[in-house]
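Residue-level structural notes
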Amino acid sequence: MRTQQTLANAVSCTGVGLHSGQPVTLTLKPAPISTGVVFINRNGHNGASLAASIKHVVPTELCTAISGNGFQVKTIEHVLAALAGLNVDNAYVELNAGEAPAMDGSAAHFVRLIRSAGIASQSRRQPYLKITRPLEVVDGTRRVRIEPSLTAKITYSIHYNHPLIQTQTYVYEHSAHAFEHEIANARTFGFLQEVEALWARGLGQGGNLENTIVLSQDGILNESGLRFANEFVRHKILDLIGDFSLLGVPVIGHLIAERSGHAIHTRLVQQILSHPDSWVLLNTDETVTASEPRSAMAAPRSASLVALQAS
Ligand SMILES: [Zn+2]
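The notes below deal with the structure included here. As the structure is a computational prediction, the values presented were derived from the model and not from experiment.

What follows deals with the coordination of the zinc ion. Protein-derived ligands of the zinc ion are H78 (NE2), H235 (NE2), D239 (OD) and D239 (OD), with the metal-ligand distances lying across 2.0 to 2.8 Å. One can describe the site at the zinc ion as irregular: its four donor atoms subtend angles covering 52 to 149° at the metal. The sequence motif formed by the donor residues of the zinc ion is H-x156-H-x3-D. Of this pair, H78 sits in helix α1 (residues 77-85) while H235 sits in helix α5 (residues 231-244), and the two are 157 residues apart along the sequence. Its relative accessible area of 1% is what places H235 among the buried residues.

What follows covers the nonpolar core. Of all hydrophobic cores here, the largest spans 75 residues; its most connected members are L26, F39, F179 and I272. Each of domain 1 (3-126) and domain 2 (129-276) accounts for three or more of the residues forming this core.

Okay, the pairing of strand β2 (residues 11-16) next. What you see with β2 is a clean split: V11, C13 and G15 sit on the buried side and S12, T14 and V16 on the side with no burial. Two strands pair when backbone bridges link them, and β2 and strand β3 (residues 23-30) are joined in this way by six bridges, in the antiparallel orientation. Its bridge partner lying in β3, G15 is registered against V24. Taking the residues that link successive antiparallel strands as the turn, the β2-β3 hairpin has six residues, and the phi of G21 there is positive, at about 75°.

So, how was this worked out
- Residues numbered from 1 in each chain as written.
- Predicted model: local features only at pLDDT ≥ 70, side-chain atom pairs only at ≥ 80, totals over all residues.
- Heavy atoms only, no water.
- Donors = N, O, S within 2.8 Å, 3.2 Å for Na, K, Ca; no water.
- Tetrahedral: all angles 85-135°; square planar, octahedral: opposite > 155°, others 65-115°.
- Helix = DSSP H or I, 4+ residues; strand = E, 2+ residues; numbered from the N terminus.
- Buried < 20%, exposed > 50% of the residue type's maximum accessible area, 1.4 Å probe, protein only.
- Core = buried A, V, L, I, M, F, W, Y, C linked by side-chain atoms within 4.5 Å.
- Domains from an automatic or database assignment.
- Pairing = 2+ DSSP bridges.

Just distances and angles here, no functional claims.
See the structure below:
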């Protein structure tokens with residue numbers, strides 16, 4: 001079992017929010033042991049912080065958002081996926097606007113950013129949540145389920161009546177290497193008629209062919225083509241990894257998702273927390289070395305998980 005990890009240095013990127021179209025600078029910074037991922041509002045130098053936690057999730061359309069302490073931040077799933085995918089447990093994510101930058105619509109840019117910053121080991125073991133009994137959320141034909149497994153694994157299936165998609169199923173076995181090479185580069189996608197409807201409602205303002213695969217009736221509008229024939233299902237796995245990181249600890253279990261989406265992903269996270277008889281928390285020792293005293297901002301994640309259960 002590995003130790004906790006953070007970034008070795010601070011790194012920034014600038015882009016526009018997918019839905020707001022607003023310019024935004026995102027800065028990733030190292031954080032102390034057991035901080036988890038915490039967003040910091042740098043809009044107007046307010047500096048309020050908000051943990052990337054399921055308890056702060058608010059219902060939104062088409063993206064994952066958290067709200068609290070006087071601010072809201074939208075479309076956090078891709079940067080969260082990059083952090084979780086590369087096993088970065090503790091980080092501050094500073095934003096000077098209310099939506100994370102879309103970049104190219106995948107997690108590739110955030111992965112490059114984290115790689116350029118470097119990843120540093122910390123002197124405490126990382127707790128894991130190991131699933132011991134299956135849990136499931138079903139909503140019509142949508143379904144997401146987690147089962148006991150020896151590894152962190154995802155099987156995702158999507159079905160769309162489109163010649164480039166039809167049925168796509170992908171099995172992902174988690175490692176930083178697998179995330180980087182199989183999942184991180186897969187871009188978000190939308191159907192032309194849906195994209196036009198979004199624009200009409202003032203959403204998707206930052207969306208364009210540089211950051212979204214747009215499906216026409218029988219192909220895609222992006223001239224550069226697809227990065228993988230099954231890029232669509234790979235992106236759904238990317239979203240699921242980001243959404244699941246809102247649990248606050250990595251999970252050992254087999255996630256099985258069908259026609260799923262952000263709302264149902266976060267419902268399963270809530271269901272896990274409300275069923276403590278379905279998992280055990282491993283590696284919860286609180287060994288702290290003299291060189292790394294616990295920061296005042298660093299609530300132990302195992303403790304915050306227990307607090308979540310109680311609330
Ligand atoms: Zn996405």
